[in-house]
Amino acid sequence: GCTESELSCDDYDACTTDGCDPDTGCTHIDRDCDDHNECTDDQCDPESGCSYTCVECEPENACHYAYCDTETGCYSEDVECDDYDECTIDTCNPDASGPDEACEYEKVDCDDDDECTTDYCCPVLGCKHEDVECETTSACQTASCDPESGCVYEDVDCEDDDKCYEYECDDDIGCLSYLIDCDDDNACTDDSCDPEVGCVNDERDCTGSSKCFEYDCSPEDGCTKTDV
């Protein structure tokens with residue numbers, strides 16, 4: 001009489017779930033290998049079934065780190081090159097061999113091209129410029145600063161418009177003036193000093209009013225008179 005035996009629906013494909021429907025017969029439904037992890041690549045091999053390999057997240061360049069989030073997948077973050085030093089210029093080289101080698105630090109040039117300042121760099125404040133102190137130990141010199149050449153020292157000019165004085169300079173005191181001696185050792189001149197021209201030695205007038213004398217002048221004795 002009638003016999004029945006169980007039908008084998010095995011399709012020998014590990015990527016399907018095999019079953020049998022009384023109305024339609026064998027069924028083969030694709031297996032769902034989704035592990036709901038955006039950081040894996042989900043695949044199915046007919047012989048071995050579901051397999052999962054890690055997703056390799058590649059950064060855009062050396063200035064980015066690449067990470068993976070299980071919910072959103074790959075994402076990147078910028079490489080932080082700030083060394084918190086105001087004396088360096090911090091940059092990132094996208095062509096470096098990797099993020100750990102990408103940061104580059106260049107020393108800041110604080111030179112302001114002014115010879116009247118001392119330039120230096122403070123890691124907290126950055127470039128600083130302090131005025132150069134141009135000092136002299138002599139009262140006979142003035143000290144100033146030229147932005148192109150630096151400290152300039154010039155002799156003090158002690159000369160005045162009064163020609164009745166001689167001028168000199170003492171390193172400790174500064175300018176000194178001395179009244180000039182206009183004495184020409186000639187008793188026949190009246191010696192004086194004019195501020196504009198200096199010494200004036202005018203010839204003395206030894207003329208007298210008496211006709212009974214002759215008047216003359218001796219450089220040693222001055223005016224003289226003798227009987228006519």
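Preceding block: the structure.
Reading guide: rules and limits
Note that residues are indexed from 1 along each chain, following the sequence as it is written. Local features in this predicted model are restricted to residues whose pLDDT is 70 or higher, and side-chain atom pairs enter the listing and the counts only when it is 80 or higher, whereas totals over whole chains, interfaces and linings include all residues. Note that the side-chain values use all heavy atoms of the structure and ignore hydrogens as well as water. Two strands are said to pair when DSSP picks up at least two bridges between them. Helix numbers and strand numbers start at the N terminus; a helix is a DSSP run of H or I with at least 4 residues, a strand a run of E with at least 2. The patches reported here contain residues having more than 30% relative accessible area and no salt bridge. Joining distances are 9 Å for like charges and 5 Å for nonpolar side chains (Val, Leu, Ile, Met, Phe, Trp, Tyr). Note on areas: these come from Shrake-Rupley sampling with a 1.4 Å probe, and a residue is covered only by the protein chains present in the view. The working definition used for a salt bridge is a side-chain nitrogen of Lys or Arg within 4 Å of a carboxyl oxygen of Asp or Glu. The charge count treats Lys and Arg as positive and Asp and Glu as negative. His and the chain ends do not count. Charge placement uses NZ in Lys and CZ in Arg. For Asp and Glu, CG and CD serve respectively. Note on classification: 1.4 Å probe, protein chains only; a residue is buried when its accessible area is under 20% of the maximum for its type, exposed when over 50%, partly exposed between these limits. By definition, disulfides here are pairs of cysteine sulfur atoms that lie within 2.5 Å. Polar contacts here mean pairs of N or O atoms no more than 3.5 Å apart (in protein, one a potential hydrogen donor and the other a potential acceptor; neighbouring residues in sequence count only if both atoms are side-chain atoms). Only Phe, Tyr and Trp rings take part, Trp by its six-membered ring, and two of them pair if their centres are within 6.5 Å. Stacked means planes under 30 degrees apart, edge-to-face means over 60, and tilted covers everything else. By the convention used here, residues are in contact when the closest approach between their heavy atoms is within 4.5 Å.

*Asks:* Just to check I follow, could you spell out the pairing of strand E1 (residues 16-21) for this structure?
*Replies:* Residues in a regular strand point their side chains to alternate faces of the sheet. Sheet topology note: the E1/strand E2 (residues 25-30) ladder contains 6 bridges and is antiparallel. What sits directly across from Asp18, in E2, is His28. Counting the residues between successive antiparallel strands, the hairpin from E1 to E2 contains 3 residues.

*Asks:* Even after reading the chapter, I still don't get a negative patch on the surface, so can you show me in this structure?
*Replies:* A grouping of Glu60, Glu77, Asp78, Glu80, Asp82 and Glu86 is seen on the molecular surface, where their side chains present a negatively charged patch. Note on Glu77: relative accessible area 41%, which makes it partly exposed.

*Asks:* How should the state of the cysteines be read in this particular structure?
*Replies:* Note: disulfide means a covalent bond formed between the sulfur atoms of two cysteine side chains. Counting across every chain of the model gives 17 disulfides. Each sulfur in the disulfide pair Cys9 and Cys26 lies 1.8 Å from the other. Judged by the torsion about the S-S bond (-80 degrees), the Cys9/Cys26 disulfide is left-handed. Here the residue Cys9 occupies a position in the segment before E1, and Cys26 occupies one in strand E2, the gap between them amounting to 17 residues. Residue Cys26 is classed as partly exposed on the basis of its relative accessible area, which comes to 30%. Covalent S-S linkage joins Cys164 and Cys193, the inter-sulfur distance amounting to 2.0 Å. Its S-S torsion of about -115 degrees marks the bond between Cys164 and Cys193 as left-handed, since a negative value means left-handed. Pair noted here: Cys164 is in the loop between strand E12 (150-155) and strand E13 (165-170) and Cys193 is in strand E15 (residues 189-194), with a separation of 29 residues, a long-range link. Here Cys164 falls in the buried class, since its relative accessible area comes to 6%. Its sulfur unpaired, Cys20 is 4.1 Å from the next cysteine sulfur, which belongs to Cys9. Left without a disulfide partner, Cys54 is nearest to the cysteine sulfur of Cys39, which lies 8.1 Å away. Looking at Cys54, the relative accessible area reads 67%, which means it is exposed.

*Asks:* Mind showing me how you'd approach the environment of Asp34 here?
*Replies:* Relative to the helices and strands, Asp34 resides in the loop between E2 and strand E3 (40-45). Within the structure, the side chain of Asp34 is placed 2.7 Å from the backbone nitrogen of His36, a separation counted as a polar contact.

*Asks:* Which parts of the structure should I look at to understand the pattern of salt bridges?
*Replies:* When the charged atoms of two side chains with opposite charge come close together, those side chains can pair. Per the stated rule, a full pass over the model turns up 1 salt bridge. The partner of Arg204 in a salt bridge is Asp190, and the shortest N-O contact between them spans 3.6 Å. Of this pair, Arg204 sits in the loop between strand E16 (198-203) and strand E17 (213-218) while Asp190 sits in strand E15, placing them 14 residues apart in sequence. Relative accessible area serves as the criterion here: at 42%, Asp190 is assigned to the partly exposed category.

*Asks:* Mind showing me how you'd approach the packing of aromatic side chains here?
*Replies:* Aromatic ring pairs are described here by two measures, namely the spacing of the ring centres and the angle between the planes. Going through the model one piece at a time under the given rule, you end up with 2 aromatic pairs. Residues Tyr65 and Tyr67 carry aromatic rings whose centres are separated by 6.3 Å and whose planes lie at 35 degrees to one another, so their mutual orientation is tilted. For Tyr65, a relative accessible area of 28% corresponds to the partly exposed category. Look at Tyr67 and you get partly exposed, because its relative accessible area is 34%.

*Asks:* Hey, could you run me through the side chain of Thr40 in this one?
*Replies:* One can find Thr40 in strand E3. For Thr40, the contacting residues outside a window of four places in its chain are Asp35, Tyr52, Thr53, Cys54 and Val55.

*Asks:* Honestly, the pairing of strand E18 (residues 222-227) in this entry has me stumped. Any pointers?
*Replies:* Where E17 meets E18, 6 bridges bridge the pair, whose relative direction is antiparallel. Across the sheet, the residue bridging to Glu214 is Thr226, located in E18. Here E17 hands over to E18 after 3 residues, the two strands then running antiparallel side by side.

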